[in-house]
Amino acid sequence: MNFLNKLLLTNFLLLLVSFDSNSQSIEKLEAKGAIPSDLLELPSLTYQKELESISESDSRKVRKEKENFYFNSNFILFDYLTSGKVLFNDPVTNYLNEILTNLLKENHPELLNEIRLYAVKSPVPNAFTTNNGMIFFNIGLLEKLNNEAEIAFILAHEVIHYKNKHVIDGYLESKEIEKGSGDYKKLTVKDQFLTKAKYSRERELEADELGFDIFLNSDYNISDPQNVYDILLTADQITSKTEYDINSLSSSTFVLTDEYFPDEKDLKVFEVSENYEDKEATHPNIKKRKERILSKIENSNIPDQENLYIVGEEKFKQVKMLSHKELVRQYLLNHQYTEAIFKADEFGKLYRDIDSVASQKMFVKALYGLAINHEEMRIQSDLFSIDYQRLYKTLRNIETIDLGLLAISHLIDYEEKYGRDEEIRLLIEDILKNMVYNHTLIKNYITGKSKLIDSKVKLTVGRIHSTEYGEEILEDVKDYIAFMELSTKQKNELYKNNKYKVKNSLIINPFYAKLKGRNKKKLDFEASEDFLVSLSGYIDEAAEPLDFKATVIDVYNLDKNDLEKFNDQALINEWLNEKLNNEEWFGISPIYSEVQPLREKYNTDYFTWIGTLDFKGRMDSPSYGGIVLTALYSVPMSAILLVEKIRPHSKTFYFSITFDLKSGKIVNEDAVYLDLKCNEPLIKSKIHNTFFKLKYGK
């Protein structure tokens, strides 16, 4: 089995045990307090600890499979824990842990010392468990739940996955199926897949039933778990507890008319059956799951409780509010703009008296994203909510130029209501630049070459001019037009004479990966870890002779009191990942205003990402966009993508990318493929060369 399949299987098994599925201002959801040991202990050490759990009575084959699983899963899990998505000591995580404590303190108190529970900033409605006792609960699932009892039942389900060793057992069983051992001899590939799915469904039903036994011994309403299944049935749909008014898309000066709205006859309610075919699914269908729980309720002889809350309803409401706001933020980062508009509208109606500004800011950011990226709007079908269907189809019906005008109008409305905002100014200017780039008539109108223009464009440009920063925007746009009209030679000359000179830069999580194995597609996690631990020191040594200030924040070199650094690197990770996930995207980040304070904090406008791949083999000279911005997003996948053609001699691939944190633009880039063995002196020299180029504008 090659490394890619092993990697996918490991990730699959980690997820397989999932539960499927300016008055005031609401605080930002971020980690707090001391950093837990799970995020500090190197994966090589956690791997060694897990090896101690392997029984000598296991066969040699089973011991080997367990070693492989523990090795891969611990290194992959460390990357996930330190990605910036995982929260700790925050209000959401603390609340979830209080619920877990109430569930286990009477019946399984020993598990409270083994299980660690974390909230995750992910819009995916899911919760999942790992073999070593970590439960991850996505805010995308939490936002859909109606009360604390529903959270408690999901947690009880996840506890059973850990307690009954479903993760490692599932992995071992899958290996047996793949190898055709024992009862699995002569299975076709299709039969192997179906057998794995059947085994997974059995574990899910076991987690449901035994988890419900834990739930029964709590003081929660025992009938409430049935409601969880109703939520899971449509968990992938975007729904709202409030009614969405499509006319709210109109601005003060741009009113959408009937031509934009879909025919109501085309909006259909999609019915979802509980008794769907689950033969190829990893989870049983909802009907089967509900029936099992209903049977246990009927046979429990335990009087139903009224309690939907034990920790507290007010805490639940606070956590829902925090999760809702973060959900919209994640939609914006993922460029899921329609979802962001829909849920921002709901947020505004539910929490108007608590945070009157947030929903409007999220709404105009989503409109900006659509205006810049309308052609890439995701195609969606089988939408559950009529309101969401209406919004989605309306946005698709609006022409790109009109969407840009609509977005600018709403941005100006926001500025007029809440006061000058630098981020709003940048969004307006960026949309206008995008419009002049794509529409000659608008370009000629702004430069005064023509007065023939659509009345909506004329009105919008007039409104921009009337703002406090209108003249500044229009002058910047005219400068942009002048640059567009230069010849290629003139542009190159301009670039040459305006090189950035960077004297200090923030360096976040420098990257290194070593490949090994006969096919050179297997990561040497331990060697990579050793190098990564030392890499921050190499950067300091490379910077010192140049008097270049490189401020390094590296998850491999943090201690429990480095909360600020952890949150700063988490924020930069989110900012960078938005760019990596959307390589053609050069717009203003939705977390622009969150990132800007880092410039003052670290006394630099720049962030540099440095990385190295160490391998034996040959590959073609790397293209910056095709490799650096996509392949290196995921360490394991980058190794696979970067090593295509093999030869038996050592090679090194080094890259660096420097961003301007204010503009979001790349100011310097370097990607070098070397016929040299990767070692400490080589990497130091390449990093030194990067800093030399930055400092002297080379």
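Going by the structure above, here's the rest.
Since we're looking at a predicted model, the values are computed, not measured.

Asks: I tried to follow the overall build of the protein on my own but got confused; where do I start?
Replies: Of regular secondary structure, the protein possesses 26 helices and ten strands. Relative to its 698 residues, the protein shows a buried fraction of 55%. As displayed, the protein has an accessible area near 31100 Å², and 47% of this comes from carbon and sulfur atoms.

Asks: Just to check I follow, could you spell out the environment of valine 167 for this structure?
Replies: Assignment of secondary structure puts valine 167 in helix α7 (residues 166-179). With a relative accessible area of 2%, valine 167 lands in the buried category. Sequence-wise, valine 167 and phenylalanine 69 are 98 residues apart; in three dimensions their C-alpha atoms are separated by 9.9 Å.

Asks: Looking at this structure, how should I read the pairing of strand β4 (residues 504-508)?
Replies: Looking down a regular strand, the side chains alternate between one sheet face and the other. With five of five residues buried, β4 is to be regarded as a mostly interior element. As defined by bridge partners, β4 adjoins strand β7 (residues 549-553) across five bridges and the pair is classed as parallel. What sits directly across from asparagine 504, in β7, is lysine 549.

Asks: Explain the packing of helix α13 (residues 358-373) against helix α15 (residues 400-418) to me, please; I cannot follow it from the model alone.
Replies: When two helices pack together, their arrangement is captured by the angle between the axes and the distance separating the axes. It is at 9 Å that the axes of α13 and α15 come closest, and there the two elements cross at 155°. Comparing the axis directions of α13 and α15 gives the class roughly antiparallel. Our pair here, α13 against α15, has a crossing hand that is left-handed. When α13 is examined against α15, the residues Gln360, Lys361, Phe363, Val364, Leu367, Tyr368, Leu370 and Ala371 are found in contact with a partner set consisting of Thr400, Leu403, Gly404, Ala407, His410, Leu411, Tyr414 and Tyr418. When grouped by side-chain class, the residues that make up the contact of α13 with α15 number eleven nonpolar, four polar and one charged.

Asks: How should the nonpolar core be read in this particular structure?
Replies: Counting residues in each nonpolar core, the largest one holds 116 residues, and the members touching the most others are Phe137, Ile151, Leu155, Ile341, Leu395 and Ile428. With ten residues, the single largest contributor to this core is helix α6 (residues 148-163). Domain assignment of the residues forming this core places at least three in each of domain 1 (329-497) and domain 2 (504-696). The residues contacting phenylalanine 137, other than those within four sequence positions of it, are Leu96, Leu117, Tyr118, Ala119, Val120, Asn126, Ala127, Leu142, Leu145, Ile151, Ile154 and Leu155. Counting 40 residues, the second largest nonpolar core, distinct from the first, contains Leu532, Tyr654, Phe691 and Leu694.

Asks: Even after reading the chapter, I still don't get unusual backbone geometry, so can you show me in this structure?
Replies: Peptide bonds are, in most cases, trans, and in most cases residues other than glycine have a negative phi. Positive phi outside glycine occurs at asparagine 89, with the angle close to 60°. In this fold, asparagine 89 is placed in the loop between α3 (60-81) and α4 (91-104).

Asks: Could you clarify how one ought to interpret the pattern of salt bridges in this entry?
Replies: For side chains of opposite charge, pairing can occur when their charged atoms come near one another. Considering all chains together, one arrives at 55 salt bridges under this definition. Across the salt bridge formed by glutamate 202 and lysine 198, the nearest N and O atoms sit 2.7 Å from each other. Highlighted residues: glutamate 202 and lysine 198, both in helix α8 (residues 189-216), separated by four residues, approximately one helical turn. Since its relative accessible area comes to 41%, glutamate 202 is described here as partly exposed. For the salt bridge of lysine 449 with glutamate 485, the shortest nitrogen-to-oxygen distance reads 3.5 Å. With lysine 449 in the loop between α17 (440-447) and α18 (455-466) and glutamate 485 in the loop between α19 (470-484) and α20 (488-497), this pair connects stretches of sequence that are 36 residues apart. Looking at glutamate 485, the relative accessible area reads 45%, which means it is partly exposed. Taken together, the shared-partner salt bridges connect Arg420, Glu422, Arg425, Glu429, Lys433, Glu468, Glu472 and Asp476 into one network.

Asks: Help me understand helix α21 (residues 525-543), please; the structure alone is not making it clear to me.
Replies: Since the α-helix turns once every 3.6 residues, residues separated by three or four places project in the same direction. The end-to-end C-alpha distance of α21, which contains 19 residues, comes to 27 Å, matching closely the 27 Å that a straight helix rising 1.5 Å per residue would cover. The sharpest bend along α21 comes to roughly 40°, located at serine 534. For α21, the full list of buried residues reads Phe525, Ser528, Glu529, Phe531, Leu532, Leu535, Ser536, Tyr538, Ile539, Ala542 and Ala543.

Asks: What is the right way to read the environment of leucine 267 from this model?
Replies: Structurally, leucine 267 can be placed in the loop between α9 (225-233) and α10 (286-298). Between the C-alpha atom of leucine 267 and that of serine 385, which follows or precedes it by 118 residues, the distance is 9.2 Å. In this structure, leucine 267 is in contact with Pro262, Ile386, Gln389, Arg390 and Lys393, ignoring residues within four places of it in sequence.

Asks: For this particular structure, what's the right way to read the side chain of aspartate 402?
Replies: Along the chain, aspartate 402 falls in helix α15. Engagement of the side chain of aspartate 402 in a polar contact is seen with the side chain of tyrosine 260, the distance being 2.8 Å. Aspartate 402 has contacts with Phe254, Tyr260 and Lys456, leaving out every residue within four places of it along the chain.

Asks: Explain the packing of aromatic side chains to me, please; I cannot follow it from the model alone.
Replies: Aromatic ring pairs are defined here through the distance separating the ring centres and the angle between the ring planes. One pass over the structure, following the stated rule, counts 34 aromatic pairs. Ring geometry for phenylalanine 153 against tyrosine 229: centres 6.0 Å apart, planes inclined by 80°, an arrangement best described as edge-to-face. Of this pair, phenylalanine 153 sits in helix α6 while tyrosine 229 sits in helix α9, and the two are 76 residues apart along the sequence. Relative accessible area serves as the criterion here: at 0%, phenylalanine 153 is assigned to the buried category. An angle of 50° between the planes, with centres 4.7 Å apart, marks the rings of tyrosine 414 and tyrosine 418 as tilted. Remark: tyrosine 418 and tyrosine 414 occur in helix α15; sequence separation between them is four residues, near one turn of the helix. Exposure remark for tyrosine 414: the relative accessible area of 6% places this residue in the buried category. Taking relative accessible area as the criterion, tyrosine 418 reaches 26% and is therefore assigned partly exposed. Across the ring face of phenylalanine 483, the terminal group of lysine 491 is positioned such that the distance to the ring centre comes to 5.3 Å. The ring of tryptophan 575 carries the charged tip of lysine 579 above its face, separated from the ring centre by 4.7 Å.

Asks: For this particular structure, what's the right way to read the sheet that holds strand β1 (residues 116-120)?
Replies: In any sheet, the strands associate via hydrogen bonds between backbone groups, in a parallel or an antiparallel arrangement. Reading across from one edge, β1-β3-β2 is the order of the three strands in this open sheet, with mixed pairing throughout. Two strands bound the open sheet, and with one partner strand each, they are β1 and β2 (127-129). Here the average twist between neighbouring strands, direction ignored, is 15°. One ladder, built from five bridges, connects β1 with strand β3 (residues 134-138); its direction is parallel. Within β3, the residue paired with alanine 119 across the bridge is phenylalanine 137.

Asks: Would you mind going over the pairing of β3 with me for this structure?
Replies: A large share of β3 lies buried, amounting to five of its five residues. Neither face of β3 is open: one carries Met134, Phe136 and Asn138, the other Ile135 and Phe137, and all of them are buried. With three bridges connecting them, β2 and β3 associate as antiparallel partners. Across the sheet, residue alanine 127 finds its bridge partner in β3, namely phenylalanine 137. Counted between consecutive antiparallel strands, the loop separating β2 from β3 contains four residues, among which glycine 133 sits at a positive phi close to 95°.

Cut-offs applied
Residues numbered from 1 in each chain as written. Predicted model: local features only at pLDDT ≥ 70, side-chain atom pairs only at ≥ 80, totals over all residues. Heavy atoms only, no water. Helix = DSSP H or I, 4+ residues; strand = E, 2+ residues; numbered from the N terminus. Buried < 20%, exposed > 50% of the residue type's maximum accessible area, 1.4 Å probe, protein only. Areas by Shrake-Rupley, 256 points an atom, 1.4 Å probe, with all protein chains shown as cover. Pairing = 2+ DSSP bridges. Axes fitted to C-alpha atoms, helices over the stretch in contact; angles between N-to-C directions. Parallel < 35°, antiparallel > 145°, perpendicular 65-115°, else oblique. Left-handed = near helix turned anticlockwise from the far one by under 90°. Contact = heavy atoms within 4.5 Å. Nonpolar A, V, L, I, M, F, W, Y, C, P; charged D, E, K, R; others polar. Core = buried A, V, L, I, M, F, W, Y, C linked by side-chain atoms within 4.5 Å. Domains from an automatic or database assignment. Salt bridge = Lys/Arg side-chain N within 4 Å of Asp/Glu carboxyl O. Expected span 1.5 Å × (residues − 1). Bend = angle between axes of the 7 residues up to and from the residue. Polar contact = N/O pair within 3.5 Å; in protein donor to acceptor, adjacent residues only side chain to side chain. Phe/Tyr/Trp six-rings, centres within 6.5 Å; stacked < 30°, edge-to-face > 60°. Lys NZ or Arg CZ within 6 Å of the ring centre and 35° of its normal.

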